[in-house]
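Remarks on the overall topology
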Amino acid sequence: MDTNLRHRIRAGDHDAFGELFDAYARSVYNHAFRLTGNWAQAEDIVSLTFLDAWRLRGTVDEEGGSLRPWLLGIATNVTRNTRRAARRHAAAVSRLPPAEAERDFADEVAARLDDAAELALVRTASATLRRAEREVLALCVWSGLDYRAAAEALGVPVGTVRSRLSRARAKLAKHVKNVELPTGDGQMTGDRDTAVGPLREDKR
């Protein structure tokens with residue numbers, strides 16, 4: 001039987017390899033476990049052993065007895081290679097720079113929630129503004145345009161933008177007590193003027 005199986009294995013008979021697996025997979029598995037002491041690694045070694053056996057089928061002697069020693073020899077080499085690869089991987093990992101501490105997003109999330117709450121309050125309060133005041137507020141506060149740019153966008157004088165924004169701030173301050181609205185105290189002159197800073201920006 002083994003001689004006939006050897007001939008079929010050498011010929012690349014897939015059914016013969018199925019028989020080989022059924023007959024010796026358990027032996028290869030037990031051998032791999034004894035070498036590694038790890039069931040998961042033993043399972044991997046079984047798979048690799050039979051892949052190598054297929055690749056090396058031409059090395060099977062035509063005459064002989066059980067193919068079990070041949071398979072266990074392949075399994076032993078596979079185990080060695082697996083351990084060698086594991087050592088190389090461990091050595092490579094050890095040379096990597098230490099992983100950076102993961103960023104804690106808790107404070108950032110809390111800050112965003114606070115900003116979202118303030119934004120909701122401001123938007124609710126902005127409903128009390130006149131349309132022209134809301135437009136200036138949207139351009140200068142939410143979009144960050146300077147007075148000149150807002151004036152150009154609206155087709156009104158810069159002074160009109162200033163006065164509308166001032167009235168809008170005053171009205172919003174009455175409705176949004178805990179939100180520090182930008183005052184424009186740091187307004188600079190020139191084409192790159194900044195009408196207002198971020199809502200949470202400190203006064204200077």
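A short tour of the structure in this document, coming up. (Residues numbered from 1 in each chain as written. Predicted model: local features only at pLDDT ≥ 70, side-chain atom pairs only at ≥ 80, totals over all residues. Heavy atoms only, no water.)

1. Concerning the pattern of salt bridges
Counted by the stated rule, this structure contains six salt bridges. One salt bridge connects arginine 8 with aspartate 13, and the closest N-O pair in it is separated by 3.4 Å. We note a salt bridge from lysine 171 to glutamate 133, for which the minimum N-O separation is 3.0 Å. Within this pair, whereas lysine 171 is found in helix 8 (residues 158-175), its partner glutamate 133 is found in helix 6 (residues 131-142), the two being separated by 38 residues in sequence. Bridged by salt links that share partners, the residues Arg8, Asp13 and Glu19 form one connected network. (Salt bridge = Lys/Arg side-chain N within 4 Å of Asp/Glu carboxyl O. Helix = DSSP H or I, 4+ residues; strand = E, 2+ residues; numbered from the N terminus.)

2. Digging into the packing of helix 3 (residues 39-55) against helix 4 (residues 68-95)
One can describe the packing of helix 3 onto helix 4 by two numbers: an axis separation of 9 Å at closest approach and a directional angle of 120 degrees. Classed by the angle they form, the pair helix 3 and helix 4 counts as oblique. Seen from above, helix 3 lies across helix 4 with right-handed handedness. Facing Ile45, Leu48, Thr49, Phe50, Asp52 and Ala53 of helix 3, the residues of helix 4 in contact are Trp70, Leu71, Ile74, Ala75, Val78, Thr79 and Thr82. Residue composition of the contact of helix 3 with helix 4, grouped by class: nine nonpolar, three polar and one charged. (Axes fitted to C-alpha atoms, helices over the stretch in contact; angles between N-to-C directions. Parallel < 35°, antiparallel > 145°, perpendicular 65-115°, else oblique. Left-handed = near helix turned anticlockwise from the far one by under 90°. Contact = heavy atoms within 4.5 Å. Nonpolar A, V, L, I, M, F, W, Y, C, P; charged D, E, K, R; others polar.)

3. A short note on the nonpolar core
Counting 23 residues, the largest nonpolar core has Ile9, Leu20, Val28, Phe50, Leu67, Trp70 and Leu71 as the members making the most contacts within it. For this core, the secondary structure elements donating two or more residues are helix 1 (2-10), helix 2 (14-36), helix 3 and helix 4. With eight residues, the single largest contributor to this core is helix 2. Judged by nonpolar contacts, the second largest core, of 14 residues, contains Val136, Leu139, Tyr147 and Ala150. (Core = buried A, V, L, I, M, F, W, Y, C linked by side-chain atoms within 4.5 Å. Buried < 20%, exposed > 50% of the residue type's maximum accessible area, 1.4 Å probe, protein only.)

4. A look at the packing of aromatic side chains
Counted by the stated rule, this structure contains four aromatic pairs. Arranged with centres 3.6 Å apart and planes meeting at 10 degrees, the rings of phenylalanine 33 and tryptophan 39 form a pair that is stacked. A relative accessible area of 24% means that phenylalanine 33 is categorised as partly exposed. Counting every residue linked through ring pairs, the aromatic cluster contains Tyr29, Phe33 and Trp39. When the ring centre of tryptophan 54 is taken as reference, the NZ or CZ atom of arginine 57 above it lies at 4.1 Å. (Phe/Tyr/Trp six-rings, centres within 6.5 Å; stacked < 30°, edge-to-face > 60°. Lys NZ or Arg CZ within 6 Å of the ring centre and 35° of its normal.)

5. Focus on the packing of helix 2 against helix 3
At a closest axis distance of 8 Å, the pairing of helix 2 and helix 3 adopts a crossing angle of 140 degrees. Relative to helix 3, the element helix 2 is oriented oblique. Of the two elements, helix 2 crosses helix 3, and the hand of that crossing is right-handed. When helix 2 is examined against helix 3, the residues His14, Phe17, Leu20, Phe21, Tyr24, Ala25, Val28, Tyr29, Ala32, Phe33 and Thr36 are found in contact with a partner set consisting of Trp39, Gln41, Ala42, Glu43, Ile45, Val46, Thr49, Phe50, Ala53 and Trp54. Broken down by class, the residue content of the contact of helix 2 with helix 3 amounts to 16 nonpolar, four polar and one charged.

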